[in-house]
Amino acid sequence: LGAGTERVFLENYAKSIGIGKNISFRGWINAPWELLQSSQVFLQTSFYEGFGMSLVEAYMYGCFVVSTDVGIASELINIPRDGQICSVQNVECLTGGIIKAMDESPLQSDETEKRKEKIKNLIPYKTFDEYAKVFIGYLDKVCYKGYETL
């Protein structure tokens, strides 16, 4: 999912090594949840994530998450049950995580509900407005005395 400057290169590379028929480059999808619900593994190979909302979404829908150690990954994923976390650019670890994911059984619905509850505890703000109020309060205390609006 997603799009970027490397897409054409990756599509051509997949074809050149004979796996092009096994990979679907979907591009940007506005509502990826249906696809996540039917996926067994979610792979994220980012060098950096500020937070990692895509990890949260994949986790919430029951995917076995294989990710580099970026954003919220280490707080979210219980290893080895929920996924595998690898250092950035550790191809062997990422590959091993994918293979492990293919051997795992899909989550039961009660496990998915436990994941949703964990996410609620990690992300305490239900709306942007709630988050913005806390953030502005923090800015007011720490950085910008008297700062009231964004």
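The rules behind these values
- Residues numbered from 1 in each chain as written.
- Predicted model: local features only at pLDDT ≥ 70, side-chain atom pairs only at ≥ 80, totals over all residues.
- Heavy atoms only, no water.
- Core = buried A, V, L, I, M, F, W, Y, C linked by side-chain atoms within 4.5 Å.
- Buried < 20%, exposed > 50% of the residue type's maximum accessible area, 1.4 Å probe, protein only.
- Helix = DSSP H or I, 4+ residues; strand = E, 2+ residues; numbered from the N terminus.
- Contact = heavy atoms within 4.5 Å.

Asker: Help me get a handle on the nonpolar core, residues and values and all.
Answerer: Counting residues in each nonpolar core, the largest one holds 14 residues, and the members touching the most others are F42, L55, A58, Y59, V65, L76 and I77. Secondary structure elements with two or more residues in this core: helix 3 (53-60) and helix 4 (73-76). Broken down by element, this core gets its largest block of residues, four residues, from helix 3. Excluding its chain neighbours within four sequence positions, the residues that come into contact with L55 are F42, Q44, V65, S67, V70, A73 and L76. F64, C93, L94 and A101 belong to the second largest nonpolar core, which has six residues in total.

Asker: Please provide a residue-by-residue account of the environment of L35, values included.
Answerer: Within the secondary structure, L35 sits in helix 2 (residues 33-37). Remark: the alpha-carbon pair of L35 and A58, spanning 23 residues in sequence, is separated by 9.6 Å. Every residue in contact with L35, bar those within four places of it in the chain, is listed here: L1, R26 and I29.

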